[in-house]
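# Descriptive analysis of the structure
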Amino acid sequence: MTEVYNLGLDAVTCHVWNEKHTEIALCPNNNEVYVYKQDAASWKLSEILQEHDQRIMGIDWAPKTNRIVTCAADKTAYVWSQNTEGKWIPSWVLLRTNRAATCVKWSPNEDKLAVGSGDRVISVCYFASENNWWVSKHIKKPLRSTVTAIDWHPDNKVLAAGSTDYKIRVFSAYVRDIDNLNNNESSWGNSTILGTLFAEFFSSGNGGGWVHDVAFSPCGTKLCWVGHNSSICIADSLKGNVVNRLFTEYLPFLRCVWLDCNFIITAGHDCMPMVYKVDESGKLSFATKLDNTQKKEAAGLTAMRKFQSLDRQARTEINDSAVDSIHQNTITCIRKLSKSRFSTSSLDGLLVVWDIKTPELMMNSLRIN
Amino acid sequence: MSKSDDKDPSATAFRNINVDLYSDNNFKEDDPDGGTTGPTGSDENEILLLLSQGKQAEALISVLKSAPLDCKNHQVKENARNLIQKVLLSIKTNQMDDCIAQLDRHLMDVLMKYIYRGFEIPNEGSSGHLLVWHEKLYNVSGVGSIVRVFADSKRA
């Protein structure tokens, strides 16, 4: 079952859920964050978070500690936590950057957060209780352009970043005050120094355009990224960082999310989510499009429509710019809800929750088709 | 120029200097192989021989495989472009599908790059022929191939 919500917004640039999926925070392409609460079958606006001066670029919700972090083009980031009355109170994050903050993610343990910026730095931030604000340490080298995407490794100590210099890098994000030395065993590398470069990949052998999104697999051994050359790539740290690339025939993908260790969901300018399969050898292959929506106009009596159109508008062709999908514009954000559920938001203002069966079942249904 | 001129507070000559050029933050495009390795175009005589023998598809694959996309040398790129254009124009409309069927995904992307480059520098009747190429290639490789023409920094 696919649920489509129209919240009456012009565009949704990013969205995120709370732990129980009963609340959602989203940005309507401006400097505000709208928080909605589930109310029976619909969503009720519960609060508007206003602290940023410019457009919000990234948002993330820490499920266990129930905190929201937002970053914006005004070079700032805020961590929002609820007071006893349930009102969201911002606390300042000291980013120390001179350019827009472009992306933000909580670490899996929720004790650190990483903010990428146009200043060619990643700020790895943690809470300084004596001052009641978040301080940051910078990862600078060898970033040479705006950081467009970041993701945390499940072990809380490794960070991946995609950038407009056509490269993807894997760094150590070890912070001495927060992390302990124990079980510091990642397949990407070990270091107790923040910013140690573990790996560096070209978006593609031919340049390949800006990197739009990076994502570690749930097990943490593989890294997936999508770039503006319509490609999807996977690097495997267990196989000597070998990269498998798939150049697709679609418009570029903006987001990629691992459903489990074998399936990746991508979405972007083509307005519909697609599933890619990673096989045992690490090869990528197209699995299925999730959106089988047909144009509404196509249904019904086309001959009758044709004559109607001829009659009313004196033309034989129906001028129709609708796209063959639920979303009618670029998908800007994907969030995984569970192993079989995920949500997408897009520039047409729609929020869609997709419910898919387990991948095995999905593959079976494909075979029947 | 006298010393007093140098100190002239109304002097504006320094404003013509683009200070951004001298900033260490200035982004330099990475070029690990310096454009020295990689193919530098194919041998023209060899390709012309293939064409005269009627081995159009072979000639096409050969030129695309040795396309100097990596190369920074303008002359080398220009020669390769001319040669590939020559091959493309020599293949007739009804042979195109056969030729495209023999290309892998990577070579299709290379071909698309040269089709667009051909649009930039047209000669007598070339654009019409390249449009047919474009249509046939697009049917196979999709819009992704066109996106890569614009997104890739290694161009034809």
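Because the structure is a prediction, the values reported are computed rather than measured. (Residues numbered from 1 in each chain as written. Chains lettered and ligands numbered in written order. Predicted model: local features only at pLDDT ≥ 70, side-chain atom pairs only at ≥ 80, totals over all residues. Heavy atoms only, no water.)

A separate point is the overall build of chain B. When helices and strands are counted, chain B shows 7 helices and 0 strands. For chain B, the succession of helices and strands along the chain, N to C, is α-α-α-α-α-α-α. Put simply, 76% of the contacts in chain B that link residues at least 6 apart link residues at least 24 apart. (Helix = DSSP H or I, 4+ residues; strand = E, 2+ residues; numbered from the N terminus. Contact = heavy atoms within 4.5 Å.)

A word on helix H7 (residues 126–151) of chain B. The terminal C-alpha atoms of H7 of chain B lie 25 Å apart, and with 26 residues this falls more than 12% below the ideal 38 Å at 1.5 Å per residue. Helix geometry: H7 of chain B is bent most strongly at serine 141 of chain B, by close to 110°. (Expected span 1.5 Å × (residues − 1). Bend = angle between axes of the 7 residues up to and from the residue.)

As enumerated under the stated definition, the model contains 17 salt bridges over all chains in all. Of the charged contacts in the structure, one is a salt bridge between arginine 169 of chain A and aspartate 165 of chain A, with a shortest N-O distance of 3.0 Å. Lysine 113 of chain B is the salt-bridge partner of aspartate 152 of chain B, the closest N and O atoms lying 3.0 Å from each other. Here aspartate 152 of chain B is found in the segment after H7, whereas its partner lysine 113 of chain B is found in helix H6 (residues 105–120), with 39 residues between them in sequence. Each of the two residues, aspartate 152 of chain B as well as lysine 113 of chain B, counts as buried. By sharing partners, the salt bridges in this structure join Glu3, Arg341 and Asp355 of chain A into a single network. (Salt bridge = Lys/Arg side-chain N within 4 Å of Asp/Glu carboxyl O. Buried < 20%, exposed > 50% of the residue type's maximum accessible area, 1.4 Å probe, protein only.)

The next thing to look at is the packing of helix H3 (residues 56–65) of chain B against H6 of chain B. Residue and element names in this part refer to chain B. Contact pair H3 / H6: the axes reach a minimum separation of 10 Å and the direction vectors enclose 85°. By the angle between their directions, the pair H3 and H6 is classed as roughly perpendicular. Along its contact with H3, which presents Leu60, Ile61, Leu64 and Lys65, the element H6 presents Leu107, Val110 and Leu111. Here the contact of H3 with H6 is composed, by residue class, of 6 nonpolar, no polar and 1 charged. (Axes fitted to C-alpha atoms, helices over the stretch in contact; angles between N-to-C directions. Parallel < 35°, antiparallel > 145°, perpendicular 65-115°, else oblique. Nonpolar A, V, L, I, M, F, W, Y, C, P; charged D, E, K, R; others polar.)

This paragraph deals with the state of the cysteines. By definition, a disulfide is the covalent link that joins the sulfur atoms of two cysteine residues. All names here are of chain A. Enumeration over the complete set of coordinates arrives at 0 disulfides over all chains. Free cysteine cysteine 71: the closest other cysteine sulfur is in cysteine 103, separated by 6.5 Å. Judged by relative accessible area, cysteine 71 falls into the buried class, the value being 0%. Residue cysteine 219 stays outside any disulfide, its sulfur separated by 3.1 Å from that of cysteine 261, the closest cysteine. (Disulfide = S-S within 2.5 Å.)

What follows deals with unusual backbone geometry. All names here are of chain A. Residue proline 142 is reached from lysine 141 by a cis peptide bond, and omega for that bond is -5°. Among the secondary structure elements, proline 142 is positioned in the loop between strand E13 (133–139) and strand E14 (147–152). Non-glycine residue arginine 120 carries a positive phi angle of around 60°. Phi is positive for asparagine 156, which is not a glycine, with a value near 75°.

Attention now moves to the confidence of the model for chain B. Overall, the predicted model of chain B reaches an average pLDDT of 83, with 78% of residues at or above 70. This model gives residues 32–36 of chain B a pLDDT under 50, and the stretch forms 4 contacts once residues within four places in sequence are excluded. (pLDDT = per-residue confidence, 0-100.)

Residue and element names in this part refer to chain A. Reading across the sheet, the 4 strands line up as E14-E15-E16-E17 and stay open at both edges, with antiparallel pairing between neighbours. Each of the sheet's edge strands pairs with one partner strand only, and the pair in question is E14 and strand E17 (197–202). Direction aside, neighbouring strands of the sheet carry axes that sit 15° apart on average. Taken together, the 5 bridges between E14 and strand E15 (residues 158–163) define a ladder with antiparallel strand orientation. By the bridge assignment for E15, isoleucine 150 is matched with alanine 161. (Pairing = 2+ DSSP bridges.)

All names here are of chain B. Core analysis: the biggest nonpolar cluster contains 35 residues, and Leu60, Leu111 and Trp133 have the highest contact counts within it. Those elements giving two or more residues to this core turn out to be helix H2 (44–52), H3, helix H4 (74–90), helix H5 (96–101), H6 and H7. Ranked by the residues each element gives to this core, the list is headed by H6, at 8 residues. (Core = buried A, V, L, I, M, F, W, Y, C linked by side-chain atoms within 4.5 Å.)

Time to look at the side chain of glutamate 110 of chain A. Residues and elements named next belong to chain A. Looking at the element boundaries, glutamate 110 is found in the loop between strand E10 (101–106) and strand E11 (112–117). In this structure, glutamate 110 is buried with no salt-bridge partner, the nearest side chain bearing the opposite charge being lysine 64 at 4.4 Å. Beyond its immediate sequence surroundings of up to four residues, glutamate 110 is in contact with Ala62, Pro63, Lys64, Thr65 and Arg67. (Lys, Arg positive; Asp, Glu negative; His and termini not counted.)

Quick look at the UniProt feature "repeat: WD" (unreviewed entry) in chain A now. Under the local residue numbering, the UniProt record ascribes the feature "repeat: WD" (unreviewed entry) to residues 49–81 of chain A. The straight-line gap between the two end C-alpha atoms of residues 49–81 of chain A is 11 Å; of that span, 0% is helix and 61% is strand. (UniProt positions renumbered as here; feature names shortened; annotations may be inferred.)

This part takes up the interface of chain B and chain A. On the chain A side, the residues contacting the 19 residues of chain B number 21 residues. Both sides of the chain B and chain A interface together cover about 1500 Å² of buried area, and 53% of this is carbon and sulfur. Run the count over chain B and chain A and you get 0 salt bridges. If you look at where chain B meets chain A, you find 9 residue pairs in polar contact (both at pLDDT 80 or more). Listing elements by their share of the side of chain B that touches chain A, those giving two or more residues are H6 and H7 of chain B. (Buried area = accessible area lost by both parts, 1.4 Å probe. Polar contact = N/O pair within 3.5 Å; in protein donor to acceptor, adjacent residues only side chain to side chain.)

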